[in-house]
Amino acid sequence: MEIRKVLDNVYMVNLEPPIQGFEKFIASYIVMGEKTAVIDTGPTCSIQNLLNALDRLKIPRENVSYVMLTHIHIDHAGGAGSLLKKLPNAKLVVHSKGAFHMSNPKKLWESTKLVLGRLAEEYGEVEPTQPEKILVGTDELNLYLGGGIKIKVFDTPGHAPHHLSFYEEKNGILFVGEVGGVYLEELGLLRPSTPPPGFNLNENLRSIDRLVALNPKILCYSHFGFTKKIQNLLLYKEKLNLWLRIVKKHKQKTEEEIFKKILEEDKDLNLLKKLETSSFERERFFIINNVKGLIQYIEKFEKQT
Ligand SMILES: [Zn+2]
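Right, let's walk through the structure included here. All values reported here derive from a predicted model rather than from experimental measurement.

**Some remarks on the packing of helix H7 (residues 201-213) against helix H8 (residues 232-249)**
No. 1: Axis separation between H7 and H8 bottoms out at 9 Å; the angle between their running directions is 170°. As summarised for this structure, H7 and H8 are arranged roughly antiparallel, according to the angle between their axes. Note on element contacts: H8 touches H7 through Leu 233, Leu 234, Tyr 236, Lys 237, Leu 240 and Leu 244, opposite Leu 201, Asn 204, Leu 205, Ile 208, Leu 211 and Val 212.
No. 2: Looking at the contact of H7 with H8, its residues break down into ten nonpolar, one polar and one charged.

**Notes on the environment of Leu 219**
No. 1: Relative to the assigned elements, Leu 219 resides in strand S14 (residues 218-221).
No. 2: Judged by the 22 C-beta atoms lying within 10 Å of it, Leu 219 falls in the buried class.
No. 3: In this structure the C-alpha to C-alpha distance between Leu 219 and Ile 173, which are 46 residues apart in sequence, comes to 6.2 Å.
No. 4: Apart from the residues lying within four places of it in its own chain, the contact partners of Leu 219 are Leu 174, Val 176, Gly 180, Phe 226, Thr 227, Ile 230 and Asn 232.

**Structural notes on the sheet that holds strand S7 (residues 134-136)**
No. 1: Ordered by their spatial adjacency, seven strands build an open sheet running S1-S2-S3-S4-S5-S6-S7, and the pairing between neighbours is mixed. Taken across any chain shown, the strands that pair with only one partner, and hence form the sheet edges, are strand S1 (2-7) and S7. Averaged over all adjacent pairs, the angle separating strand axes in this sheet is 25°, with direction ignored.
No. 2: Sheet topology note: the strand S5 (residues 64-68)/strand S6 (residues 91-94) ladder contains three bridges and is parallel. Residue pairing across strands places Tyr 66 opposite Lys 91, the latter belonging to S6.
No. 3: Most of the contacts of helix H4 (residues 96-103) go to S7, to which it runs at about 165°, and overall it touches S6 and S7.

Rules used throughout
- Residues numbered from 1 in each chain as written.
- Predicted model: local features only at pLDDT ≥ 70, side-chain atom pairs only at ≥ 80, totals over all residues.
- Axes fitted to C-alpha atoms, helices over the stretch in contact; angles between N-to-C directions.
- Helix = DSSP H or I, 4+ residues; strand = E, 2+ residues; numbered from the N terminus.
- Parallel < 35°, antiparallel > 145°, perpendicular 65-115°, else oblique.
- Contact = placed C-beta atoms within 7 Å.
- Nonpolar A, V, L, I, M, F, W, Y, C, P; charged D, E, K, R; others polar.
- Buried ≥ 20, exposed ≤ 12 C-beta atoms within 10 Å, placed from the backbone.
- Pairing = 2+ DSSP bridges.

Here's what the structure looks like:
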């Protein structure tokens, strides 16, 4: 686990789950006012690392008021049930479409195993959260941490229908979640994240427009890192449209062939060659998953065109 300072009151935690190739891939954020908020828990397998980060920052467990989930995919939310058991005063803030699944994670777990296979087991099984600890994160809800720090919730579907983004207004810090894609900070690379079954291009583009309108100063990505390159938000719209065009053009080919076409036609992906083999394999796995999500989207919404 590694802790990095974003600002005086905001820290990023590299959760470093014990999965090969995932050493620099999953982040939680800790926001401090008089009370504390944790944004994204990561999977069950790295919850102890997140607790260690709170300890190292000298944040008493009683001080955490909110655990906020950008969405319920288990690499962001899988550890919530386990974490909440250790935080006596915390409420779990989650989208209305995700709330049921956090208290009854059986279906979430089964569908995750279908999409991710063995990786789901490595992330670890999801423990239920007590329903009375869940607070539905409605659009434009304000959560006050004291000391002038407030976090505003935005309903930002697209990557998934149960996606929220969070905005710390005072310092202009936007916790994008995954609706702004995956930003591999070590490479300076932004790439789409369009997984099945919930990806929706039009909703994703609209959500980005709402986030751009906030005029944020810093973007904090769950995958992985933070940046002042706010233009990433607009670049992401271009990337989504580019990948959709590539997948449409090569739709008859196999997923592996479409993966290769994406590597050829999105020139920025040349940067992936700099990754270690295990991290490159992680990217291949997720990009092929994204191809599946784009094909499902095309079949659902664009069949007639
Ligand atoms: Zn996700």
